[in-house]
Structures are given as C-alpha cells and as structure tokens.
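Residue-level listing of the chains:
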Amino acid sequence: AQKVTQAQTEISVVEKEDVTLDCVYETRDTTYYLFWYKQPPSGELVFLIRRNSFDEQNEISGRYSWNFQKSTSSFNFTITASQVVDSAVYFCALKTLGDDMRFGAGTRLTVKP
Amino acid sequence: NAGVTQTPKFRVLKTGQSMTLLCAQDMNHEYMYWYRQDPGMGLRLIHYSVGEGTTAKGEVPDGYNVSRLKKQNFLLGLESAAPSQTSVYFCASSLGTSNQETQYFGPGTRLLVL
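This write-up is about the structure you can find in this document. Small disclaimer: the values here were computed from a predicted structure and weren't measured. (Residues numbered from 1 in each chain as written. Chains lettered and ligands numbered in written order. Predicted model: local features only at pLDDT ≥ 70, side-chain atom pairs only at ≥ 80, totals over all residues. Heavy atoms only, no water.)

1. Regarding the pattern of salt bridges
All names here are of chain B.
Thinking step 1. Per the counting criterion, the structure on display carries seven salt bridges over all chains.
Thinking step 2. Note that E30 is salt-bridged to K71, the shortest N-O span being 2.9 Å. In this pair, E30 is assigned in the loop between β3 (19-25) and β4 (31-37) and K71 in the loop between β7 (65-67) and β8 (73-78), connecting sequence segments 41 residues apart.
Thinking step 3. You can call E30 partly exposed: its relative accessible area is 29%. (Salt bridge = Lys/Arg side-chain N within 4 Å of Asp/Glu carboxyl O. Helix = DSSP H or I, 4+ residues; strand = E, 2+ residues; numbered from the N terminus. Buried < 20%, exposed > 50% of the residue type's maximum accessible area, 1.4 Å probe, protein only.)

Below is the structure:
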C-alpha cells in the first residue's frame, strides 16, 4: 500500500530561520511521483513541485529547496530565511501507477515576525 | 484563465438534506477529482473522472455521487447529508492520462452538516 507520513504536525519558527519539513513515503512501485502543495490561510491548495522516482537531483527554487533520497524514502522540503508569508499547511503527496494520489496529513508551519 | 472554480464556497445543511457541489475547469483537462479534507487526515479521494461521461470511486465514495456530463464540469452530490460529511471539499483537475500529471486544485467548499 502507498503511504505518506508527515511526522511534524506543527512547526513554529521566527522569521529568517531556516526550516525543514519532513516527508517519508512508502511504496513498492519503482515508478512514482512525489508532490508538495502549500495551503495558505486562505484555503486554496497551491502546487509547488513534482518529482519522479528516477530523478534524485535536488531542486532549488528561490528560498525553497527539495531533497529527494530514495535510500531513505524521503522527500524533504526546506525553506531558507523563512518569511511570514510562508505560514501555511504544507502537504506531501505520492502518486503511483494505478493508484490514487495519497496525501500526508500535512505540516502546519507558523513563521513569527 | 480562471483555472478550477468551485460553487458554492460555503454551505450549511441539515441532516438529510441534499445538495450538489459544482466544479468547473477551463484548462481542457481530461481528469477531474473530488477530495475531502478533514483535520489531521490530509486529503482523501472521493470520486474521480477520466473523461466526459465516466466516473470512478476513490478511497471514500460512500454517501456521494458524481456526474461528468461535460468535460469542463464535475458535480458532486450528497443525496442525504450526514454530520460525518462536514468537511472541506476540494475539486482538482489534471491534463491527461499520464501518471505524472500534476493536479490543480480549486479554492474549496466548506460544508457544515448539522
């Protein structure tokens, strides 16, 4: 069965701190896709990144970076120099062939000024 | 482009009442999905559609029905609402049949069943 675990329910940091959101997944498939979504207080879900299982290169987009490690089945998300606008619930998700998208329970990030 | 839109944004129902949630997308996407979001549980798939005129069950389909009469619209129906259906409902769409396709979400509908 496919499963995504986001063990951190809530994280609170002060502005300009770096923060890492953990995501651990389970699947027996060799081909799969991993996603991160952001849900700001306004409630919508915003797509951040997609990664396929054959590409373990880390990705950086501005202050955001993602570390994909198949050896530990993890797809962690780091925000550098966090800002108040980063406050949101972040979801990690897994998609495999023939199965529904599986979401983690989410991590609520609060960035205090 | 408006992307994915949902109607209504918020609704209060009494137990046993029925209602329909409307999802519309203007991206010409083939796939559409309905999820519910409950505290501490992430999003769970209710039903989905791989094209006009087709629907399929997801992880939590009981108590819901769907229809996809037009490619751009995906309707979610509650025939007899129950308090357990109090949730936030999200519609999503994706481009095609490839497993890698990103799903794009609507703004959500908050439903309270009393």
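2. Focus on the layout of surface pockets
Thinking step 1. Within this model, the largest pocket holds a volume of roughly 710 Å³.
Thinking step 2. Lining of the largest pocket is provided by 34 residues; of these, A:Q39, A:V89, A:F91, A:R108 and B:Q37 occupy positions nearest its centre.
Thinking step 3. Sorting the residues of the lining of the largest pocket by element identifies β10 (88-96) and β12 (107-112) of chain A together with β9 (87-94) and β11 (109-113) of chain B as the ones contributing at least two each. (1 Å grid on protein atoms, 1.4 Å probe; cavity = no way out; pocket = protein on both sides within 12 Å on 5 of 7 lines; lining within 4 Å. Points joined across faces, edges and corners; volume = space filled by probe spheres on them.)

3. Quick notes on the packing of aromatic side chains
All names here are of chain A.
Thinking step 1. One pass over the full model with this rule turns up 22 aromatic pairs over all chains.
Thinking step 2. Relative to F103, the ring of Y37 has its centre 6.0 Å away and its plane inclined at 45 degrees; by these criteria the two rings are tilted. A residue pair is termed long-range when its members are at least 10 positions apart, and Y37 in strand β5 (residues 32-39) and F103 in strand β11 (residues 102-103) qualify at 66 residues.
Thinking step 3. Using a relative accessible area of 8% as the deciding quantity, one classes F103 as buried.
Thinking step 4. With a centroid separation of 6.0 Å and 85 degrees between ring planes, the pair formed by Y64 and W66 is classed as edge-to-face.
Thinking step 5. Assessed through its relative accessible area of 14%, Y64 is described here as buried. (Phe/Tyr/Trp six-rings, centres within 6.5 Å; stacked < 30°, edge-to-face > 60°.)

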